[in-house]
Amino acid sequence: MARVELRQLRYFLAVAEELNFGRAAGRLLIAGPSLSQQIKALERDLGVRLFDRDRRSVALTPAGAALLPHARALLDSADDLRRRAARMAGAAPVRLGYVSWLPPDLTARASAAAHVHVDPWVAPSHTQAARVAEGSLDLAVCWVRREDLDAKDLNSRLIGADRLYAVSVGQEADEVRARDITVLLDSDTTTWPSWNAYAQQFVHDTGAHAAHISDGGVTGPAFFDHVRRSRRPILNSPKGQSTPLPPGLVARPVVGPKVYWTWSLVWRRSEARTAVLNTVEALTDGVGDLGIHDPDAWLPDDDPYKR
C-alpha cells in the first residue's frame, strides 16, 4: 500500500468513470498501454483486482466498486491540501496563454498544483512564446521549434498533438497520399509565420503542392472556398481541427506519411516559482508520444520531439 501513488488513483478514477481504457487514456492524455500497465501495477500493490475486462467491455469488480468512493475522497483531500498550501503561501496565479487548443481537463489537472489563469488573448504561437519569454505570461501552449526555444531561452514539454487531415470536395473519406495534396501558404507573415514554416518544410519533405494565398484562408470560411476551387485535397491547419465541415466537403486521412502538429507547454528556463514548475508537471505528467513517433509519422526537422 505504501507504493500506491495519487497518480495511479487518478488513473483508477478515470477508468472507473469511463469504463473504457481508450476514452480514459484520451482524457488523461497518456498512451493506452501505459494506462493499462499503471492499473495492473495498482492492482498488484493493492492485492485486489479492480476491473473485469475483455476485448469488448470493462466493468468494476466488487472490490473496485467498494474502493472507488474511498479513492475519490482521498484524491479530493489531496487536491484540497494542495490548494490550501498554495493559498497559505500567497502564490500568485499562474498565467497561461494559448493559440487554439488546450487540454480538455486542464482545470482538473492544474488545480492540484496552482491557481491557473487562462489569458483571454488568443494569439499565434510565435506571439505567445514571445510573451512567455518577456514575462507577461508564465506558460503557453503553442507550436515551437528548437531554434525558437534557444532564441527565447525557453523550455518545452509535449502536451498534445493533432494528426492533420486533408479536406476535399465529395463524400468519399478515403486516404490520400501526402504528395497528392495542396498546402496553403499565407502572405500575412505577422499572423501565419509558424504555419508557413511548418508548411514549407512539409512541402519540401513530401513533394506536396504549395499554393500561395493572401486572404487569410488557412482557416475559416475562406479555407473552404479554396477547397471548393482546388483540384487537390488541401491540408487542414490545427486551428481548423474541430470546425465542422460544410455540406459537400469531406475530411480525408493523409498517409505516406501521417502528418502531425505538436503542441508544447513552454516556460522560461530561468523560472524559479514553484507554482509554475508544479503546473508544468501537473499538465504534462503521463503524456505519451501521442503517435508522433510512429514509423510513418512526419514532423518538421526542428520539432523539439522529433527523434
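In this report, we go over the structure that sits alongside the text. Predicted model only: the values in this text are computed from it and were never measured. (Residues numbered from 1 in each chain as written. Predicted model: local features only at pLDDT ≥ 70, side-chain atom pairs only at ≥ 80, totals over all residues. Heavy atoms only, no water.)

### Describing the nonpolar core
Counting residues in each nonpolar core, the largest one holds 58 residues, and the members touching the most others are Trp195 and Phe202. Not counting chain neighbours up to four residues away, the residues in contact with Phe202 comprise Ala178, Ile181, Val183, Gly207, Ala208, Leu235, Val259 and Trp298. Membership of the second largest hydrophobic core comes to 22 residues, among which are Phe12, Val15, Ala24 and Val58. (Core = buried A, V, L, I, M, F, W, Y, C linked by side-chain atoms within 4.5 Å. Buried < 20%, exposed > 50% of the residue type's maximum accessible area, 1.4 Å probe, protein only. Contact = heavy atoms within 4.5 Å.)

### Notes on the packing of helix H1 (residues 6-18) against helix H2 (residues 21-28)
Where H1 meets H2, the closest approach of the two axes is 8 Å, and the angle between their N-to-C directions is 130°. Considering their axes alone, H1 and H2 lie oblique with respect to each other. Two packed elements cross with a definite hand, and for H1 against H2 that hand is right-handed. Between H1 and H2, the contacting residues are Arg10, Tyr11, Ala14, Val15, Glu17 and Glu18 on the first element and Phe21, Arg23, Ala24, Arg27 and Leu28 on the second. (Axes fitted to C-alpha atoms, helices over the stretch in contact; angles between N-to-C directions. Helix = DSSP H or I, 4+ residues; strand = E, 2+ residues; numbered from the N terminus. Parallel < 35°, antiparallel > 145°, perpendicular 65-115°, else oblique. Left-handed = near helix turned anticlockwise from the far one by under 90°.)

### Some points on helix H3 (residues 32-46)
Counting along an α-helix, one turn takes 3.6 residues, and residues three or four places apart therefore face a common direction. With 15 residues, H3 extends 21 Å between its outermost C-alpha atoms, agreeing within 8% with the 21 Å of an ideal straight helix rising 1.5 Å per residue. Residues Leu35, Ser36, Gln38, Ile39, Ala41, Leu42, Glu43 and Asp45 constitute the buried set of H3. Buried-residue contacts for H3 involve H1, H2 and strand S1 (51-53). Taken from the residues just after H3, Gly47 is the one with a positive phi, measuring 80°. (Expected span 1.5 Å × (residues − 1).)

### Section: the pairing of strand S5 (residues 139-142)
In S5, alternate side chains face the same way, and those of Leu139 and Val141 on one face and Ala140 and Cys142 on the other are all buried. Note that strand S3 (residues 94-98) and S5 share 3 bridges and pair parallel. Residue pairing for S5: Leu96 is matched across the bridge by Leu139. Both S5 and strand S12 (residues 258-268) contribute to a ladder of 3 bridges, which runs antiparallel. Looking across to S12, one finds that Val141 is bridged to Leu265. (Pairing = 2+ DSSP bridges.)

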